[in-house]
Amino acid sequence: MKLFQNLLLVVLASFLFSSCGNDSNANFTLKGKIKDLKKGVVYLQKDGKTSIVDLDSVVIKGQEEFTLQANIKEPVLLYLKLQKKDGQEHFIPFFADKGVTEITTTLKGFSGDAIIKGSKQQALLEEYLELRDGFQNKNLDLLKANFEAVKAQDSAKAEELYQQSDRLLKLKYASTINFALRNNDSEVAPYIAIYEIPNSNAKYLDSIYNNLSERVKQSYYGKKLGDALEAYKNKKDSIK
């Protein structure tokens, strides 16, 4: 009897795991391909209130291609997670919308090699990330040069490079704000306002929020930005 119960539990658990992707209400499909992956588990995930939530999963046993599905209410950032057989975890974040997104990548360069084709929000996010990465690469060059100047005890050069880095940082924030203002009818605008602009620039966040289209204000990230601004204003009022 005990053996039968254990077997039943194993069969039931296997059924639940394999059925994870068979959601008849799914309106989003991720078609993935990971070159050279032989064994592991891939997950489709989203941010929950307190932790990351699994939406679907597939066990990889030799196949490079897989399909993950979920039901999403609106455009939102999702994650493709790879858990290798050795337990290591790797992530690819992407902006999803109803329909199909395709991600192709490699096992060796899982995040860096990812090519994502799907939502217009993802295309716009990649445009912003290219802009942001350009500033970050320039700043790394300045930091390296600053380190060399300090090492050479060239204080004047070090100070000049520090000032250049500071101006570059301000230009990066200004470019981020302008990007969000220009793309006020995309969910990407409140998303980058929340995660890419410091809280100290609340007045800029307020400008971005007020510039959003009414549709985007009612989106997940639009509401999240509105809530963040409201919390900031309440905190400011309590200090007075």
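Residues numbered from 1 in each chain as written. Predicted model: local features only at pLDDT ≥ 70, side-chain atom pairs only at ≥ 80, totals over all residues. Heavy atoms only, no water.

> What is the right way to read helix H2 (residues 120–151) from this model?
Three- or four-residue spacings in an α-helix give side chains the same orientation, since the helix completes a turn every 3.6 residues. Relative to the 46 Å expected for 32 residues at 1.5 Å per residue, H2 spans 47 Å between its end C-alpha atoms, a close match to the ideal helical length. Three or more residues of H2 are buried, namely Gln121, Gln122, Leu124, Leu125, Tyr128, Arg132, Phe135, Leu142 and Ala149. Residues of H2 that are buried in the fold lie against strand E5 (76–84), strand E6 (89–96), strand E8 (115–117), helix H3 (155–182) and helix H4 (188–196). Backbone geometry just downstream of H2 places glutamine 153 in the positive-phi region, at approximately 60 degrees. (Helix = DSSP H or I, 4+ residues; strand = E, 2+ residues; numbered from the N terminus. Expected span 1.5 Å × (residues − 1). Buried < 20%, exposed > 50% of the residue type's maximum accessible area, 1.4 Å probe, protein only. Contact = heavy atoms within 4.5 Å.)

> So what exactly am I meant to see when it comes to the nonpolar core here?
For soluble globular proteins, the rule of thumb is that nonpolar side chains tend to be buried together. Core analysis: the biggest nonpolar cluster contains 44 residues, and Val42, Leu80 and Phe94 have the highest contact counts within it. Ranked by the residues each element gives to this core, the list is headed by E5, at 6 residues. In this view, phenylalanine 94 contacts Phe28, Leu30, Leu44, Val76, Leu77, Leu78, Tyr79, Leu80, Thr101, Ile103, Ile116 and Gln122; residues no more than four positions away in its chain are not counted. If you look at the next biggest cluster of nonpolar residues, it comprises 6 residues, including Phe135, Ala158, Leu161 and Leu168. (Core = buried A, V, L, I, M, F, W, Y, C linked by side-chain atoms within 4.5 Å.)

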